[in-house]
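Commentary on secondary and tertiary structure
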Amino acid sequence: MTRLALTSLKLAAFRSHASLRVETDGRPVAIYGPNGAGKTNILEAISMLSPGRGLRRAAAADMARSATGIGWRVTAELHSLEQSHEVVTGVEGDAARSVTIDGKAAAQVALGRIARILWLVPVMDRLWLEGAGERRRFLDRMALSFTPSHAEASITYERAMRDRNRLLKDQSRDAGWYDALEDQMARAGAAITATRMEALSRVARAQEDAATAFPRATLSITGPDGEDAPDGSEDQLRRAFAEGRRRDMAAGRTLTGPHRADLSAIYTDKDMPARHCSTGEQKALLISLILANARALADSFGAPPILLLDEVAAHLDTDRRAALYDEICALGAQAWMTGTGAELFDALGPRAMRLHVTEEGGESRTQAEA
C-alpha cells in the first residue's frame, strides 16, 4: 500500500523544545521518557500539520517556547501518495499562523489534501462521560479526516450563527436578516450533517470488515439529551430556524441545529452504552474507533493516516498492547506513540524506531535510537 509518513521533523522554539530534528524511515516511532520531558509536545507539533488548532486546541501564540514574541516553527518532509512535500507552519511575532507547502503559501485546509492525521490523547479517555461538545469535536475530526472541506462548512455555519445570535440578543425582528442568515446556516448545516453521517458509515464498514482485538462500537448522532436527531436537510433546518425564532429570542441563542448534535456509542457485543463501560473498555472502544477510522482512510485517501497516540498503553494489558502494535504495523501506518518507559514498546521490536526524550534545565532533549 502507498505510504504516508513524516521522513523529517524539525521544531524551532516549540513548547519545551528550543530545537529538535528527527529523521525517520517511515516506521512507527516510540517516544519514551519521564513525565514533563516534552513527549506530548512532539505529537502536538505534528498535529499542527493538519487543519485546525491541534491536539491540545491551544492558541497558536501559546505554543511558543517563550513569551518574547519570536514565535515558533514546525518544518516537515512528508511522503504522501508517492510524492514528497515540504510543509512549514508556525507563527512569527504577533502574526497569525502561516502555512507553506513546497514553498508556496497555503490555507490550512490544504494540509488535509496532502495528509491525514488522527490522534488519541489521554483527555479523550473521558469522552463518553463529558459534555456533548467534546464528542462533537471528536465526530468533526472524524468527518474532517475524510472530507477536508468539512472545516469550511463549519466555519460558514458558525459565522452565520454568531450573527443570528446577535440579532436574537438585540431582540431584532427583521425577518429579512433572519432569512438571509438562516439560509446560510441551512446550507452549511446540511453539508455538516451529511459529512458527519458519511464518516460514521465509513467507520462502521471498516469495523465490520476487520478482524481486530478491540471491541466494536455502534455509533449514531443524536440531538440534545439523547433525543432523536432531526434529518438535517436544508429544508428541515430552514424551517426549524424560522419556527424557532421566538424561542431562540427568549434564550438569546440558537437552540436548534448541528451545533447541538451529540455522538452516541454502544459497545456492540455487550449492547451497553459506552458511558456505562469500565475505564479499560472505554479506552479500548476509543482505540477501536481510531483504528477503524484509519482503515477507512486507507481505502478512501489511498494511504493510512499518520497516528498520534499519546500514552496509549496507559489502560492496556500486555496482550492488548501487543495486539495494538500488530494492527498498526499490519495497517502500514506511521504511528508516533508516547510512554514513560521503553519497555512499554518491547512488543514492537525492530518494527519501530525509538526516541528518548529527557528534560534538562527546562529544555527538552532528544536522542534517536534505531
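The structure presented is a predicted model; accordingly, all values stated were derived computationally and were not measured.

Further remarks concern the pattern of salt bridges. For the coordinates displayed, the defined rule picks out 26 salt bridges. Of the charged contacts, one joins R135 and D262 as a salt bridge, the two residues approaching to 2.7 Å between their closest N and O atoms. With R135 in helix α3 (residues 132-146) and D262 in strand β10 (residues 262-267), this residue pair connects regions lying 127 residues apart in the sequence. Among the residues examined, R135 registers a relative accessible area of 9% and is labelled buried. Its salt-bridge partner being R164, residue D248 comes within 2.9 Å of it at the nearest N-O pair. In this pair, D248 is assigned in helix α7 (residues 245-251) and R164 in helix α4 (residues 150-169), connecting sequence segments 84 residues apart. Of the two residues, D248 and R164, both sit in the buried class. Several salt bridges converge on common partners, so that one network encompasses R164, D179, E182, R245, R247 and D248.

When the UniProt feature table is mapped onto this chain, "binding site: ATP" (unreviewed entry) is found at G33, P34, N35, G36, A37, G38, K39 and T40. Within the fold, N35 resides in the loop between β3 (29-32) and α1 (39-47). The class for N35 is exposed, based on a relative accessible area of 63%. Leaving out residues up to four positions away in the same chain, N35 has contacts with E311 and T340. Positionally, G36 belongs in the loop between β3 and α1.

Next up on the list: the pairing of strand β6 (residues 98-101). Because side chains alternate across β6, one face comprises the buried residues V99 and I101, and the other comprises S98 and T100, none of which is buried. One ladder, built from four bridges, connects strand β5 (residues 83-92) with β6; its direction is antiparallel. Opposite V88, over in β6, you have T100 as the bridge partner. Taken together, β5 and the strand that follows it, β6, pair antiparallel across an intervening segment of five residues, in which G93 is found at a positive phi of about 60°. When β6 meets strand β7 (residues 104-105), the two strands line up antiparallel, connected through two bridges.

Here we take up the sheet that holds β6. Strand order in the open sheet formed by six strands is β2-β1-β4-β5-β6-β7, with antiparallel pairing between adjacent strands. Looking at the sheet topology across the chains shown, the edges are occupied by β2 (17-23) and β7. Packing of α1 onto the sheet brings it into contact with β1 (4-14), β2 and β4 (71-80), and relative to β1 it is tilted by some 110°.

Turning our eyes to something else, we now look at the sheet that holds strand β11 (residues 272-273). The antiparallel open sheet is built from three strands, whose spatial order is β9-β10-β11. Lying at the two open borders of the sheet, with one neighbouring strand each, are β9 (217-222) and β11. As judged from the two bridges shared by β10 and β11, these two strands associate in the antiparallel manner. Bridging from a neighbouring strand, Y267 pairs with M272 of β11. Sheet strands touched by helix α5 (residues 175-208): β9 and β10. Its angle to β9, the strand with the most contacts, is close to 170°.

Rules used in this analysis
Residues numbered from 1 in each chain as written. Predicted model: local features only at pLDDT ≥ 70, side-chain atom pairs only at ≥ 80, totals over all residues. Heavy atoms only, no water. Salt bridge = Lys/Arg side-chain N within 4 Å of Asp/Glu carboxyl O. Helix = DSSP H or I, 4+ residues; strand = E, 2+ residues; numbered from the N terminus. Buried < 20%, exposed > 50% of the residue type's maximum accessible area, 1.4 Å probe, protein only. UniProt positions renumbered as here; feature names shortened; annotations may be inferred. Contact = heavy atoms within 4.5 Å. Pairing = 2+ DSSP bridges. Axes fitted to C-alpha atoms, helices over the stretch in contact; angles between N-to-C directions.

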